[in-house]
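# Coordinates in review
Residue strings, one per chain:
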Amino acid sequence: MRYFTEPQPRQGTHSRSAVLLINLGTPDSPTPRAVRRYLRQFLSDPRVIEIPRMLWLPILYAFVLTTRPRQSARKYASIWYPEGSPLRVHTERQARLLGERLGPQVRVEFAMRYGEPSIPGTLARLKSEGCEHVLLFPMYPQYAASTTASALDHATEFLRRTRNVPEIRLVKEFHDHPAYINALAGLVREHWRQSGRSDKLLMSFHGLPRYTLARGDPYAQECLETARLLAGRLGLAEGEWQATFQSRFGRTAWIEPYTAPTLAELGRQGARRVDVVCPGFVADCLETLEEIGIEARKTFLDSGGAEFHLLPCLNERADWIDALAAIARQHLGEWPDFGSARTS
């Protein structure tokens, strides 16, 4: 194995701390070619698709990558921002704002598990700039092997090729962190002040195959705990809120209840208005803006509902950036230069 070239030590300097925000990833553009490149990387990850490689890869290349990119590209095009991918735009802004909160002595960057900027490339740049203490901060409130663990896998690609590895810490999850729950509650309350309050608050989380529960993944339990804590903070009674799961893919059974059928049933039962919040996503993306904001909205209205309100993700809310800073500070501990961040 060939190691990366180590940066030369600089006279009179000391090591710096860094925070690396990590999100899932996005195509470079809303085109079939770019989406195919993104999906090939995403759906080739054995953390994401746990089917044996010899069975899955022929399906992926012969069927999925020949049909899905064109369909997905149209969906991406429907929600694309003038500045680019919503997920990248919001994550980049979050990194900039977090850097302002933590102060100049702590470097804050962002990377994507799939696509650019890559985790190994960003870690290499941080090390070349003298950052010997790096906090990996996956932007997934609830832990899953297919998200947080996969991001850590990708970080090890850099570590395996580094002779003098930096000290690494990981934010494994923050599903019940009070600052995160407070930011979610503030988001919902602000929406209620502006648009009134519906009889039902639906909390839609990204789904996972049901077999992941039996294999020891805590994701579903952490989603339900987040929902329970948010409902409690908002003072919601039983029946005024419900947690559901979206984004089902393939034929296997996924965690239930599913979001779309739940919305259809609510419409058929005569619910006139529903508010939907997506606590598992901290930045708006295809799954919130298109899957919920367009497809799920149509499902509810076509089933008899009258008003559908999708709340935005936390994005750049001040209370969410404060929460990010609070979580980061807890993990930065006594690393060098943290004194400046702690007093910011």
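Here we summarise the structure given alongside this text. What you see is a predicted model; the values in this text were computed from it and never measured. (Residues numbered from 1 in each chain as written. Predicted model: local features only at pLDDT ≥ 70, side-chain atom pairs only at ≥ 80, totals over all residues. Heavy atoms only, no water.)

## Regarding the overall build of the protein
Check the secondary structure of the protein and you find twelve helices and eight strands. The C-alpha radius of gyration computed for the protein amounts to 21 Å, which stays within 12% of the reference 20 Å derived for 344 residues, consistent with globular compactness. With respect to the principal axes defined by its C-alpha atoms, the protein has extents near 70 × 50 × 40 Å. Counted over contacts in the protein with a minimum sequence separation of 6, partners at least 24 positions apart contribute 79%. A distance of 5 Å separates the average location of the 44 positive side-chain charges in the protein from that of its 38 negative side-chain charges. (Helix = DSSP H or I, 4+ residues; strand = E, 2+ residues; numbered from the N terminus. Rg over C-alpha atoms; globule rule 2.2 N^0.38 Å. Contact = heavy atoms within 4.5 Å. Lys, Arg positive; Asp, Glu negative; His and termini not counted. Charge placed at Lys NZ, Arg CZ, Asp CG, Glu CD.)

## A look at unusual backbone geometry
For the bond running from E116 to P117, omega is -5 degrees, close enough to zero to count as cis. By the element assignment, P117 lies in the loop between strand 2 (106-114) and helix 4 (119-128). Of the consecutive residues E256 and P257, the connecting peptide bond is found in the cis state with omega at 5 degrees. When you line up the elements, P257 lands in the loop between strand 6 (241-246) and helix 9 (259-268).

## A look at the packing of helix 2 (residues 53-79) against helix 10 (residues 286-302)
Contact pair helix 2 / helix 10: the axes reach a minimum separation of 10 Å and the direction vectors enclose 90 degrees. Taken together, helix 2 and helix 10 sit at an angle that is classed as roughly perpendicular. Residue-level inspection shows K75, Y76, S78 and I79 of helix 2 in contact with helix 10, the latter providing L286, L289, E290, I294 and E295. Of the residues assigned to the contact of helix 2 with helix 10, the class counts are five nonpolar, one polar and three charged. (Axes fitted to C-alpha atoms, helices over the stretch in contact; angles between N-to-C directions. Parallel < 35°, antiparallel > 145°, perpendicular 65-115°, else oblique. Nonpolar A, V, L, I, M, F, W, Y, C, P; charged D, E, K, R; others polar.)

## A look at the packing of helix 9 against helix 10
Axes are the key here: two packed helices are described by the angle between their axes and the distance separating the axes. Where helix 9 meets helix 10, the axes come as close as 8 Å, and the angle between the chain directions of the two elements is 35 degrees. Considering how the two elements wind past one another, helix 9 and helix 10 form a crossing that is right-handed. In contact with T259, A260, L263, A264, L266 and G267 of helix 9, helix 10 contributes I292, A296, T299 and F300. Looking at the contact of helix 9 with helix 10, its residues break down into seven nonpolar, three polar and no charged. (Left-handed = near helix turned anticlockwise from the far one by under 90°.)

## Some points on the packing of aromatic side chains
Inspection of every chain in the model, using the stated rule, returns nine aromatic pairs. The interplanar angle of 75 degrees and the centroid separation of 6.2 Å between the aromatic rings of Y76 and W80 together place this pair among those described as edge-to-face. Ring centres of F300 and F308 lie 6.2 Å apart, and the angle between their planes is 50 degrees; this geometry places the pair in the tilted category. The pair formed by F300 and F308 is uniform in burial state, with each residue classed as buried. In this structure an aromatic cluster arises from ring pairing among F137, F174, Y180 and W320. One Lys or Arg, K172, reaches over the ring of Y143 and ends 4.9 Å from the middle of that ring. (Phe/Tyr/Trp six-rings, centres within 6.5 Å; stacked < 30°, edge-to-face > 60°. Buried < 20%, exposed > 50% of the residue type's maximum accessible area, 1.4 Å probe, protein only. Lys NZ or Arg CZ within 6 Å of the ring centre and 35° of its normal.)

## Thoughts on the pattern of salt bridges
By the definition in use, this model includes 22 salt bridges. Between E50 and R215 there is a salt bridge whose closest N-O contact spans 2.7 Å. Of this pair, E50 sits in the loop between helix 1 (32-43) and helix 2 while R215 sits in the loop between helix 7 (211-214) and helix 8 (219-234), and the two are 165 residues apart along the sequence. In this structure E50 comes out as partly exposed when scored by relative accessible area, which is 36%. A salt bridge links R273 to D275; its shortest N-O distance comes to 3.0 Å. (Salt bridge = Lys/Arg side-chain N within 4 Å of Asp/Glu carboxyl O.)

## Topic: the sheet that holds strand 2
The four strands lie next to each other as 2-1-3-4, forming an open sheet whose pairing is parallel. Each edge of the open sheet is held by one strand with a lone partner, namely strand 2 and strand 4 (167-170). Strand-to-strand twist across the sheet, computed as the mean angle between neighbouring axes with direction ignored, equals 25 degrees. As judged from the four bridges shared by strand 3 (residues 131-138) and strand 4, these two strands associate in the parallel manner. Bridge assignment links L135 to a residue of strand 4, and that residue is R169. (Pairing = 2+ DSSP bridges.)

## Quick look at the pairing of strand 5 (residues 201-206)
For strand 5, the tally of buried residues reaches five of six residues, placing the bulk of the element in the interior. Summarising the sheet, strand 5 and strand 6 pair through six bridges and their orientation is parallel. Note on strand 6: the bridge partner recorded for S204 is T244. Where strand 5 meets strand 7 (residues 273-277), three bridges bridge the pair, whose relative direction is parallel. By the bridge assignment for strand 7, L201 is matched with D275.

## Topic: helix 4
Owing to its 3.6 residues per turn, the α-helix aligns residues three or four sequence positions apart on the same side. Along helix 4, the residues classified as buried are I119, P120, T122, L123, L126 and K127. Here the buried residues of helix 4 occupy an arc of 165 degrees about the axis, which is enough to place them on one side. Buried positions along helix 4 lie against strand 1 (16-25), strand 2, strand 3 and helix 5 (145-160). The N-terminus of helix 4 is capped by S118, whose side-chain oxygen sits 3.0 Å from the backbone nitrogen of G121. Where helix 4 terminates, the next one or two residues include G130, which has phi positive at roughly 95 degrees. (Arc of directions from axis to C-beta. Polar contact = N/O pair within 3.5 Å; in protein donor to acceptor, adjacent residues only side chain to side chain.)

That's the geometry; what it means functionally is another story.
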